[in-house]
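Take a look at the letters that make up each chain.
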Amino acid sequence: MSTGWSNIKYKQDLPPAGGYKPLPYKRNLVPLRLSGLSLFGVVCGISYFGLRLAKERLNVLQLNKIEDDQAYSSLEAMLEAENDRRWLRWSKEKVESEALNIVGTGYDPTFKPGNLEAFHNKNRWADPYPICDEFKYTTGDSKLNDSIRYFYTRYADIVLGP
């Protein structure tokens, strides 16, 4: 049949005479120096000291706030007086500038400088027309009521026709 294959000389690959060495399959891990319980103890200790430091810092901040509040309350009257003096100085400058610019230039000789009634006593803006007694005296606490009142009364003062 096949004469060619039987004439080939070959050598089968076999294991060595004493056999192969055993494979190192065991886990040879380096042993931990700290156990889980000791690591837990270290974490708890660090947390304890961190919380102690945070509490001490909070106490210092609270003492500083108390000291600042006491300093402000002792200086509050003086600061209020300074604000009043500043407001009076500004209002005096405003009256003088009105007298110089409006009356002094002859723009309006009947104008009284510093008279706030000229600004606040005008019938320029009328009160909105109340829909009913429920919406008449709103204080702004209900946005729905105020928006409804605005929607229905925004054209109340417009007079149409001659």
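Just above sits the structure.
Residues numbered from 1 in each chain as written. Predicted model: local features only at pLDDT ≥ 70, side-chain atom pairs only at ≥ 80, totals over all residues. Heavy atoms only, no water.

Undergrad: So what's going on with the overall build of the protein? Which residues, and what values?
TA: What the protein contains, in helices and strands, is four helices and zero strands. Moving toward the C terminus, one meets the helices and strands of the protein in the order α-α-α-α. With 162 residues in all, the protein has 4% of them scored as buried. When the accessible surface of the protein is summed, it comes to about 16300 Å², and 60% of that surface belongs to carbon and sulfur atoms. (Helix = DSSP H or I, 4+ residues; strand = E, 2+ residues; numbered from the N terminus. Buried < 20%, exposed > 50% of the residue type's maximum accessible area, 1.4 Å probe, protein only. Areas by Shrake-Rupley, 256 points an atom, 1.4 Å probe, with all protein chains shown as cover.)

Undergrad: Please provide a residue-by-residue account of the side chain of Glu-98, values included.
TA: Mapped onto the secondary structure, Glu-98 falls in helix α1 (residues 36-103). At 2.6 Å, the side chain of Glu-98 forms a polar contact with the side chain of Lys-94. For Glu-98, the contacting residues outside a window of four places in its chain are Val-103, Phe-111, Pro-113 and Gly-114. (Polar contact = N/O pair within 3.5 Å; in protein donor to acceptor, adjacent residues only side chain to side chain. Contact = heavy atoms within 4.5 Å.)

Undergrad: Please set out the packing of aromatic side chains residue by residue, giving values where relevant.
TA: According to the stated counting rule, one finds one aromatic pair in the structure shown. Each ring, one from Tyr-48 and one from Phe-49, has its centre 5.4 Å from the other, and the planes form 70 degrees; the classification is edge-to-face. (Phe/Tyr/Trp six-rings, centres within 6.5 Å; stacked < 30°, edge-to-face > 60°.)

Undergrad: So, the pattern of salt bridges: which residues are in play, and what are the values?
TA: Tallying each qualifying case throughout the model produces three salt bridges. One salt bridge in this structure joins Lys-65 and Asp-69, with 3.0 Å as the shortest N-O distance. Placement of the pair is Lys-65 and Asp-69 together in helix α1, with a separation of four residues, close to one helical turn. Taking the relative accessible area as the measure of exposure, Lys-65 reaches 52% and is therefore exposed. A salt bridge links Glu-82 to Arg-85, with the shortest nitrogen-to-oxygen separation between them at 2.7 Å. (Salt bridge = Lys/Arg side-chain N within 4 Å of Asp/Glu carboxyl O.)

Undergrad: Go over a nonpolar patch on the surface, please, and point to the residues and values.
TA: Together, Tyr-72, Leu-75, Met-78 and Leu-79 line one region of the surface with nonpolar side chains, adding up to about 390 Å² of accessible area. Positionally, Met-78 belongs in helix α1. The class for Met-78 is partly exposed, based on a relative accessible area of 49%. (Patch = residues over 30% accessible without salt bridge, like charges linked within 9 Å, V, L, I, M, F, W, Y side chains within 5 Å.)

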